[in-house]
Amino acid sequence: MIRRGAIFWMVLAVMAGIGLFVLKYEVAEMEDRLADINRQTLANLEAVHVLKAEWSYLNRPERLETLGRSLLSLEPVKSRQTARIADIPIRPDNISDSAAGEPAATATPPAADHVPPLLAKYRRDP
């Protein structure tokens, strides 16, 4: 007859073998997942490099200048287009009434002598 100790050690050896077999396949699966993640990381890094290169190409100053000249109708600022800060009309104190759509009771329009000629066309006459 086989002793109890021998049976115990044989069962333990079989269980250890099964455990190692399962562990081996779990580790192989984790290594495959890690390899996939590394491949995706490298692909993302390459995509970032491509996007940086495209950004650099599209933001060349001479290209932007050409696009600005052809698409925007910008002209240099002329001296008659500027105004002093003192020439800007002051906003009334009670803005809450005028913000609600009601005319302000104490707001008075700025006097004509305080409005510069360039801003006169934006003045609202009551």
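First, a word on scope: everything that follows refers to the structure included in this document.

Calculation notes
- Residues numbered from 1 in each chain as written.
- Predicted model: local features only at pLDDT ≥ 70, side-chain atom pairs only at ≥ 80, totals over all residues.
- Heavy atoms only, no water.
- Salt bridge = Lys/Arg side-chain N within 4 Å of Asp/Glu carboxyl O.
- Helix = DSSP H or I, 4+ residues; strand = E, 2+ residues; numbered from the N terminus.
- Buried < 20%, exposed > 50% of the residue type's maximum accessible area, 1.4 Å probe, protein only.
- Patch = residues over 30% accessible without salt bridge, like charges linked within 9 Å, V, L, I, M, F, W, Y side chains within 5 Å.
- Areas by Shrake-Rupley, 256 points an atom, 1.4 Å probe, with all protein chains shown as cover.
- Phe/Tyr/Trp six-rings, centres within 6.5 Å; stacked < 30°, edge-to-face > 60°.
- Lys NZ or Arg CZ within 6 Å of the ring centre and 35° of its normal.

### Some thoughts on the pattern of salt bridges
Phase 1: On inspection of all chains with the given rule, the structure shows five salt bridges.
Phase 2: Between D36 and R39 there is a salt bridge; the shortest N-O distance is 2.6 Å. Placement of both D36 and R39 in helix α1 (residues 4-58) is noted, with a separation of three residues, approximately one turn of the helix.
Phase 3: Where E62 meets R60, a salt bridge forms, and the shortest distance between an N and an O atom there is 3.7 Å.
Phase 4: Given the relative accessible area of 46%, E62 is considered partly exposed.
Phase 5: In this structure R60 comes out as partly exposed when scored by relative accessible area, which is 27%.

### What to know about a nonpolar patch on the surface
Phase 1: Together, I2, I7, M10, V11 and M15 line one region of the surface with nonpolar side chains, adding up to about 500 Å² of accessible area.
Phase 2: Mapped onto the elements of the fold, M15 is located in helix α1.

### Remarks on the packing of aromatic side chains
Phase 1: The final tally for this structure, using the stated rule, is two aromatic pairs.
Phase 2: Note on F8 and W9: the rings are 5.3 Å apart at their centroids and 75 degrees apart in plane angle, and the pair reads as edge-to-face. Taken individually, F8 and W9 each receive the classification exposed, so the pair is uniform in this respect.
Phase 3: Between F21 and Y25 the ring centres are 4.9 Å apart and the planes differ by 70 degrees, which places this aromatic pair in the edge-to-face class. Of the two residues, F21 and Y25 are both situated in helix α1; the distance of four residues between them amounts to about one turn of the helix.
Phase 4: A relative accessible area of 48% places Y25 in the partly exposed class.
Phase 5: Between K24 and the ring centre of Y25, over which it is positioned, the NZ or CZ distance is 5.6 Å.

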